[in-house]
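The residues making up each chain are set out below.
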Amino acid sequence: MLITSRNNPFVRRICSLREKKFRRESGEYIVEGVKQVREAVEARCDVRAVIVSESYSGDVYAPGLLTRVSDSVFEKLTDEPAPQGILAVLAIPGTQPSPPSGDCLLLDGVADPGNLGTILRTANAAGYGDIYLRSCADPFSPKCVRAAMSGIFFVRLHIGEDEALSVALEGVPLICADMGGEDVFSFGAPDRFCLVIGNEGRGVSDEVRAACAQTVCIPMRPSCESLNAAVSAGILMYELAHGREHTRK
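Because the structure is predicted, anything quoted here is derived from the model rather than measured.

Visitor: Just to check I follow, could you spell out empty space enclosed by the protein for this structure?
Guide: Empty space among the atoms becomes visible once a probe the size of a water molecule is rolled across them. The tally for this structure, following the rule as stated, stands at one cavity of 30 Å³ or more. Space inside the largest cavity adds up to approximately 100 Å³. Taken together, R18, I30, V31, E32, Q36, L77, D79, E80, P142, V145 and R146 make up the full set of residues lining the largest cavity. Those elements giving two or more residues to the lining of the largest cavity turn out to be β2 (28–32) and α6 (142–148).

Visitor: Teacher, can you tell me more about unusual backbone geometry here?
Guide: Trans is the common state for peptide bonds, and a negative phi is the common state for residues other than glycine. The backbone of M149 shows a phi angle near 50°, a positive value even though the residue is not glycine. Here M149 is to be found in the loop between α6 and β8 (156–159). You can call M149 partly exposed: its relative accessible area is 32%. Of note, S150 is a non-glycine position whose phi angle comes to about 75°, a positive value. With respect to the helices and strands, S150 occurs in the loop between α6 and β8. Given the relative accessible area of 2%, S150 is considered buried.

Visitor: Would you mind going over the sheet that holds strand β9 (residues 174–183) with me for this structure?
Guide: Sheet strands pair by backbone hydrogen bonding; their relative direction is either parallel or antiparallel. If you walk across this open sheet you meet the six strands as β8-β7-β6-β10-β9-β11, and the pairing is parallel. Whereas interior strands pair on both sides, the edge strands pair on one side only; in this sheet they are β8 and β11 (214–217). Going from strand to strand, the sheet's axes swing by 35° on average, the running direction of each strand aside. Pairing of strand β6 (residues 104–108) with strand β7 (residues 130–134) involves five bridges; the strand directions are parallel. Counterpart to L105 in the pairing with β7 is I131. Contacts between helix α5 (residues 113–126) and the sheet are confined to β6, β7 and β8, with β6 contributing the most and set at about 175° to the helix.

Reading guide: rules and limits
Residues numbered from 1 in each chain as written. Predicted model: local features only at pLDDT ≥ 70, side-chain atom pairs only at ≥ 80, totals over all residues. Heavy atoms only, no water. 1 Å grid on protein atoms, 1.4 Å probe; cavity = no way out; pocket = protein on both sides within 12 Å on 5 of 7 lines; lining within 4 Å. Points joined across faces, edges and corners; volume = space filled by probe spheres on them. Helix = DSSP H or I, 4+ residues; strand = E, 2+ residues; numbered from the N terminus. Buried < 20%, exposed > 50% of the residue type's maximum accessible area, 1.4 Å probe, protein only. Pairing = 2+ DSSP bridges. Axes fitted to C-alpha atoms, helices over the stretch in contact; angles between N-to-C directions. Contact = heavy atoms within 4.5 Å.

Next comes the structure, spelled out in structure tokens:
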């Protein structure tokens with residue numbers, strides 16, 4: 001069956017997932033593009049539906065969940081500037097805070113979904129499997145999911161209030177990223193740790209900073225005031241984890 005009406009109830013429901021309120025109510029979010037849909041299926045995410053445009057002729061990856069729509073309807077569904085004609089609806093995984101399995105991140109007020117998605121992508125690449133979110137942008141928003149480039153499928157997100165996050169991270173040393181900290185390139189990271197990245201403008205909050213055991217910074221030329229939050233997080237993640245391994249050798 002081909003859906004041709006933009007007012008079809010199924011179409012309206014998919015469109016509603018662009019908004020946080022409806023993502024929260026339904027427990028679902030959208031991923032778009034061939035690579036994202038393929039990797040969601042390969043990662044064994046809970047795929048609820050796959051939607052393709054009438055003119056799409058590529059693989060569908062989950063044929064039993066397929067819905068085909070007219071090109072006009074797909075234009076209404078897509079959030080991509082250059083849509084590829086395929087998207088999927090996934091179930092939002094559980095995000096109740098629990099203890100980490102290794103080195104992890106605490107993101108304290110990261111507000112830009114593009115930064116958040118980039119950090120998730122880099123965390124997956126660098127081997128940080130658990131990401132704790134305190135007052136951050138919605139990680140399941142279309143912009144964040146797009147920036148994460150499938151990284152969101154391979155990390156565990158922990159979202160909660162301060163008390164729940166504190167319990168989950170009990171006994172894990174928190175390392176604060178701040179311009180006044182120790183040079184990260186001469187810093188010896190402990191056997192396990194949680195790197196704390198703060199808000200793009202305000203940095204790490206006073207409440208979280210008070211709980212941090214140590215503080216590190218990235219040395220910069222005087223002419224540079226700061227780095228983008230996602231760039232800083234990437235440098236620190238790799239240096240703390242891999243710099244520790246080099247020190248052991």
